[in-house]
Amino acid sequence: MWYNESFEGASPPSKRGQLSVDTSVNGGVRLAGPERSAALTTAIKSSIVRVIPGQYTIGQLQPGVTVPHGALLTFNDEVETTVVYRTDLWPTELSAKDSRGPYSVIRLVLSRPFVVVGFIAAATKAVSAAGINQLTFATYSFDYIFVQSQDLVVALKGLQAAGFTVATEDVL
């Protein structure tokens, strides 16, 4: 990983895997190497993993399409619009170029959003280590991991094994 605050005239480190980080950014402290910071460990243990009820469909639309009310998530850029609806609430008038599902949605309720370096990386690593493919989105307050519905329990057990607190009343 390589980071340079200005990016102007900067070139990445020559050694693969070398970490070059400006630790003054946002007053944060970033550790190089495999050690997990105490702040990250605390954040993982004090954050809650919840499952949003229902099954969801992720759809790819043409850019600029008007998205009907009720989407869990909408992301627009110049290439496409991505939407996520509960599968049973997908608007009949909405025509997707492509859609996938059913997905289950895992919400990571962070104890300290915007502060802990490596939180989402630790969560996605835990799900990947369980052998589960995922799609991840972040919002202002939460991080979301979408997994195929048949893989939900395995993904949650992977998060739990990595030290995340899973709200067991949701699924497990």
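Structure first, text after, so check above.
Because the structure is a prediction, the values reported are computed rather than measured.

1. Re the overall build of the chain
A count of helices and strands for the chain gives three helices and seven strands. Reading the helices (α) and strands (β) of the chain from amino to carboxyl end gives α-β-β-β-β-α-β-β-α-β. Relative to its 172 residues, the chain shows a buried fraction of 30%. Looking at the chain alone, contacts between residues at least 24 apart form 59% of all its contacts between residues at least 6 apart. Of the accessible surface of the chain, which amounts to about 10,500 Å², a share of 52% is contributed by carbon and sulfur atoms.

2. Points about the pattern of salt bridges
All told, the structure shown has two salt bridges when counted by the stated rule. Here D98 makes a salt bridge to R100, at a shortest N to O gap of 3.1 Å. Look at D98 and you get partly exposed, because its relative accessible area is 32%. Looking at R100, the relative accessible area reads 52%, which means it is exposed.

3. Some points on unusual backbone geometry
The linkage connecting G101 with the following residue, P102, adopts the cis geometry, with an omega of 5 degrees. Its location among the elements puts P102 in strand β4 (residues 98–109).

4. Description of a nonpolar patch on the surface
Together, F114, V115 and Y140 give the surface a local cluster of nonpolar side chains, amounting to about 410 Å² of exposed area. By the secondary structure assignment, F114 is in the loop between β4 and α2 (119–129).

5. Let's talk about the packing of aromatic side chains
Taken as a whole and judged by the stated rule, the model has four aromatic pairs. Residues F119 and F164 carry aromatic rings whose centres are separated by 5.6 Å and whose planes lie at 70 degrees to one another, so their mutual orientation is edge-to-face. Separated by 45 residues along the polypeptide, F119 in helix α2 and F164 in the loop between α3 (152–161) and β7 (165–166) bring together distant segments of the chain. Comparing F119 with F164, the two get one shared label, buried.

Each value, and the rule that gives it
Just so you know, the residues in each chain are numbered from 1, in the order the chain's sequence is written. Totals for whole chains, interfaces and linings use every residue, but because this is a predicted model, local features are given only for residues with pLDDT of at least 70 and side-chain atom pairs only at 80 or more, for both listing and counting. Calculation of side-chain values draws on the structure's entire complement of heavy atoms; hydrogens and water are dropped beforehand. Strands are runs of DSSP state E lasting at least 2 residues, helices are runs of H or I lasting at least 4, and numbering of each runs from the N terminus. Burial here depends on accessible area, computed with a 1.4 Å probe over protein chains only, as a share of the maximum for the residue type. Under 20% is buried, over 50% is exposed, and the range in between is partly exposed. Only heavy atoms enter the contact rule, under which two residues are in contact if any of them lie within 4.5 Å. Only the protein chains shown count as cover for residues, with accessible areas throughout obtained via the Shrake-Rupley method and a probe of 1.4 Å. Think of a salt bridge as a Lys or Arg side-chain nitrogen and an Asp or Glu carboxyl oxygen that are within 4 Å of each other. Nonpolar side chains (Val, Leu, Ile, Met, Phe, Trp, Tyr) are joined into patches within 5 Å and like charges within 9 Å, using only residues with over 30% relative accessible area and no salt bridge. Aromatic rings from Phe, Tyr and Trp, taking only the six-membered ring of Trp, are treated as a pair when their centres fall within 6.5 Å; an angle between ring planes under 30 degrees marks them as stacked, one over 60 as edge-to-face, and anything in between as tilted.

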